Amino acid sequence: MKTNAIAGRTLALMLLLPLTACSQSGSSSNSNSDVAQAVKEVQQQTSPSVIGAEIQKGIDQGKKELLTQDIDVTNVHAGKHPHDPDNTRPKAVITPQGSLVIAGKPVDATPEQHGLLVDYRQQIIGIASAGMDIGASGAAMGVDVAKQAMLGVLSGKSDKEIDASIKPQTDKIQAAVVQLCKRMPDLLASQQKLAAAMPAFQPYATMTQKDVDDCSKQTDEHGKPGVAVFSD
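Residues numbered from 1 in each chain as written. Predicted model: local features only at pLDDT ≥ 70, side-chain atom pairs only at ≥ 80, totals over all residues. Heavy atoms only, no water.

**Observations concerning the state of the cysteines**
And then number 1: A complete count under the given rule lists one disulfide for this structure.
And then number 2: Each sulfur of the disulfide joining Cys181 and Cys215 lies 2.1 Å from the other. Linking Cys181 and Cys215, the disulfide has an S-S dihedral of approximately -80 degrees and is accordingly described as left-handed. Taken together, the positions of Cys181 in helix H5 (residues 159–181) and Cys215 in the loop between helix H7 (209–214) and strand E6 (229–231) put the pair 34 residues apart, joining distant regions of the chain. (Disulfide = S-S within 2.5 Å. Helix = DSSP H or I, 4+ residues; strand = E, 2+ residues; numbered from the N terminus.)

**Looking at the environment of Asp70**
And then number 1: Mapped onto the elements of the fold, Asp70 is located in the loop between helix H3 (48–68) and strand E1 (71–72).
And then number 2: Of the residues examined, Asp70 reaches a relative accessible area of 46% and is grouped as partly exposed. (Buried < 20%, exposed > 50% of the residue type's maximum accessible area, 1.4 Å probe, protein only.)

**A closer look at helix H6 (residues 184–197)**
And then number 1: Under the 1.5 Å per step criterion, the end-to-end length of H6 is 20 Å for 14 residues, consistent within 8% with the ideal 20 Å.
And then number 2: Burial in H6 covers these residues: Met184, Leu187, Leu188, Ser190, Gln191, Leu194 and Ala195. An end-on view of H6 places all buried positions within 160 degrees of arc, on one side of the element. Across from the buried face of H6, at angles greater than 90 degrees, the exposed residues are Lys193 and Ala196. (Expected span 1.5 Å × (residues − 1). Arc of directions from axis to C-beta.)

**A look at the confidence of the model for the protein**
And then number 1: This prediction gives the protein a mean pLDDT of 73; 56% of its residues lie at or above 70.
And then number 2: Mean pLDDT across the elements of the protein bottoms out in helix H1 (residues 2–23) (40) and peaks in strand E4 (residues 100–102) (98).
And then number 3: Below a pLDDT of 50 lies the segment residues 1–28, which in the model reaches 31 contacts outside its immediate sequence neighbourhood of four places, other chains included. (pLDDT = per-residue confidence, 0-100. Contact = heavy atoms within 4.5 Å.)

**Some details on the side chain of Gln113**
And then number 1: With respect to the helices and strands, Gln113 occurs in helix H4 (residues 111–155).
And then number 2: Of the polar contacts made by the side chain of Gln113, one reaches the backbone oxygen of Ala197; its length is 2.8 Å.
And then number 3: Not counting chain neighbours up to four residues away, the residues in contact with Gln113 comprise Asp108, Leu194, Ala197, Met198 and Pro199. (Polar contact = N/O pair within 3.5 Å; in protein donor to acceptor, adjacent residues only side chain to side chain.)

**Re the pattern of salt bridges**
And then number 1: Enumeration according to the criterion identifies two salt bridges in this entry.
And then number 2: The salt bridge partner of Lys63 is Asp133, with a shortest N-O separation of 2.9 Å. Of the two residues, Lys63 sits in helix H3 while Asp133 sits in helix H4, which places them 70 residues apart along the sequence.
And then number 3: You can call Lys63 partly exposed: its relative accessible area is 24%.
And then number 4: A relative accessible area of 33% places Asp133 in the partly exposed class. (Salt bridge = Lys/Arg side-chain N within 4 Å of Asp/Glu carboxyl O.)

Put into structure tokens, the structure is as follows:
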């Protein structure tokens, strides 16, 4: 949690640097007024509602694309680093209509196989959509955390006090990640069923039990819990 406070403090100091330069040429009362006005402007410009609206637009567009575009299933795995080094497979996608297309050529499927393809696609979409929502919440939280840290610096709060003030928000994100990880077994099961029923798909069943086991251990570049599903 200390990292969040430090990052927030850094942003706060960056925001305050130009204010310090301006205040050197004015009186103490004027500089205090300038700081107060600047803080007010920062609060308005970084309003969670404004940021959230922009983020939500991107999320909505991303979800629309998931539903309407092909989904690459060449190498589905959890986390940043694929555990399958085989990059020689032709690209494989599942279309919105539930067809498997390998190297640009549709693969014939029985009604049963088609149903499994649709289920696997839906599993991926469900996890990706949930991940987008978590990412949006995290981004909005990041803005709020930075603002709290800035105001904490101005009011003389300690790192410990700032950490305590943002903990409820970070706890919510971590809880959402845990819930997302609980969906990974269903994704693995869907992939395995499809591979067993459709030989053409077998080379693309790259997810393993380790992905499920390691899901909650995944962290982002800041060391925060998080998981993503990739297809390389």
